[in-house]
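# Structural overview for review
One-letter residues, chain by chain:
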Amino acid sequence: MTAPTRSPIDPLDGRLIALLAEEPRIGVLECSRRLQVARGTVQARLDRLQARGVIGGFGPEVEPAALGYPVTAFATLEISQGQGADVRTHLAGVPEVLELHTITGQGDMLCRIVARSNADLQRVIDRVVGFDGIVRASTAIALENPVPYRVLPLVAQAAAEGAVTAEP
């Protein structure tokens, strides 16, 4: 019988990530004080979490609407065979493309785009699809975002799983 796979984080890692998410500008010394562990422990945990790719950065969260881009849409793109790399390069050059995922199902890529207005969205879509490698696009405008991007519930679950020891 195989042992269950352990989570890459434990409860202390989970508490550290949650603290950094709540207060991104907090220092290592203050983290150690609040978590009641040594400063070296916090630093070692941070280094390990970064090295393993659990924590990808400490930059600010930027809200596109506050920058004047209140319209969010999702475009499903069908790509010509063999054009994926060129399309990715093209889309990386469009500032309003916030994310790009290759997908299964209907379409080949899904991108999240923002625009200044519905009329401006047409300009952005024209720029996105104005590339020979894109065969077709289907766009849906997001009306609201009741569950914004979040990872803390997932962190809590992974940390709880990391606390469970494998049964013999």
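For the structure given in this document, a descriptive report is provided here. (Residues numbered from 1 in each chain as written. Predicted model: local features only at pLDDT ≥ 70, side-chain atom pairs only at ≥ 80, totals over all residues. Heavy atoms only, no water.)

Ranked by internal contacts, the top residues of the largest apolar core, which has 18 residues, are Leu77, Leu91, Val97, Ile113, Leu121, Val128 and Ile134. Looking at this core, the elements that each hand over two or more residues are β1 (71-79), α4 (84-92), β3 (109-115) and α5 (118-129). (Core = buried A, V, L, I, M, F, W, Y, C linked by side-chain atoms within 4.5 Å. Buried < 20%, exposed > 50% of the residue type's maximum accessible area, 1.4 Å probe, protein only. Helix = DSSP H or I, 4+ residues; strand = E, 2+ residues; numbered from the N terminus.)

Strand order in this open sheet of four strands is β2-β3-β1-β4, and the pairing throughout is antiparallel. Lying at the two open borders of the sheet, with one neighbouring strand each, are β2 (97-102) and β4 (134-141). Within this sheet the neighbouring strands show an average axis-to-axis angle of 20 degrees, counted without direction. Bridge analysis of β1 against β3 gives seven bridges, and the strand direction is antiparallel. Its bridge partner lying in β3, Ala75 is registered against Cys111. The strands touched by α5 are β1, β2, β3 and β4; relative to β3, the strand with the most contacts, the crossing angle is about 140 degrees. (Pairing = 2+ DSSP bridges. Axes fitted to C-alpha atoms, helices over the stretch in contact; angles between N-to-C directions. Contact = heavy atoms within 4.5 Å.)

Among the residues of helix α2 (residues 28-35), Val28, Cys31, Ser32 and Leu35 are the ones counted as buried. End-on view of α2: buried residues confined to an arc of 100 degrees, all on one side of the axis. Along α2, the residues that are exposed and aim more than 90 degrees away from the buried face are Leu29 and Arg33. Contacts from the buried residues of α2 go to α1 (11-22) and α3 (39-51). Residue Gln36 follows α2 closely and has a positive phi angle near 60 degrees. (Arc of directions from axis to C-beta.)

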